[in-house]
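Structural description and commentary
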Amino acid sequence: GAPDQLVMLGGKHYWVECKAPGKTPTKMQYREHLRMTTLGGCTVYVVSSIEEVDAMLKKEMRGVE
């Protein structure tokens, strides 16, 4: 149920679940993402297109030099 990728940018880390267009995480994946965000303080993204990846990177790269 853990996300597919660990991304490290500007001293921070983010977990990324990669899904095919139109697909959503399984119940087990949702449960694990919830655990990671609420208990572990992690940020988890679910992306299904290059545009969503770009949006995630733009959001997280604000203020990073």
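Refer to the structure presented above.
None of the values given here were measured: they were computed from a predicted structure.

What follows is about the sheet that holds strand 2 (residues 12–18). One open sheet holds the 3 strands; their spatial order is 1-2-3, and the pairing between them is mixed. Each end of this open sheet is capped by a strand with a single partner; those strands are strand 1 (5–9) and strand 3 (44–47). Between one strand and the next, the sheet's axes are offset by a mean angle of 35 degrees, whatever the strand orientation. Bridge analysis of strand 1 against strand 2 gives 5 bridges, and the strand direction is antiparallel. If you follow L6 over to strand 2, its bridge partner there is W15. Each of strand 2 and strand 3 is contacted by helix 1 (residues 27–38), which is oriented at about 145 degrees to strand 3, the strand it contacts most.

Below, the discussion takes up the side chain of E17. Note that E17 resides in strand 2. Of note is the side chain of E17, whose polar atom sits 3.0 Å from the side chain of Q29. In this structure E17 touches A2, P3, D4, Q29, H33, Y45, V46 and V47, once residues within four positions along its chain are discounted.

Scanning the model with the defined rule gives 1 salt bridge in all. Here E32 makes a salt bridge to R35, at a shortest N to O gap of 3.6 Å. On the criterion of helical spacing, the pair formed by E32 and R35 is a turn pair, its members being 3 residues apart in helix 1. Overall, the relative accessible area of 25% leaves E32 in the partly exposed class.

Let us look at the environment of Y14. With respect to the element layout, Y14 can be found in strand 2. It is 5.2 Å that separates the C-alpha atoms of Y14 and T43, two residues lying 29 residues apart in sequence. Dropping the residues within four chain positions of it, Y14 is found in contact with Q5, L6, V7, L9, T43, Y45 and E60. Side chain to side chain, Y14 and E60 meet in a polar contact 2.8 Å long.

Quick notes on the rules
- Residues numbered from 1 in each chain as written.
- Predicted model: local features only at pLDDT ≥ 70, side-chain atom pairs only at ≥ 80, totals over all residues.
- Heavy atoms only, no water.
- Pairing = 2+ DSSP bridges.
- Helix = DSSP H or I, 4+ residues; strand = E, 2+ residues; numbered from the N terminus.
- Axes fitted to C-alpha atoms, helices over the stretch in contact; angles between N-to-C directions.
- Contact = heavy atoms within 4.5 Å.
- Polar contact = N/O pair within 3.5 Å; in protein donor to acceptor, adjacent residues only side chain to side chain.
- Salt bridge = Lys/Arg side-chain N within 4 Å of Asp/Glu carboxyl O.
- Buried < 20%, exposed > 50% of the residue type's maximum accessible area, 1.4 Å probe, protein only.

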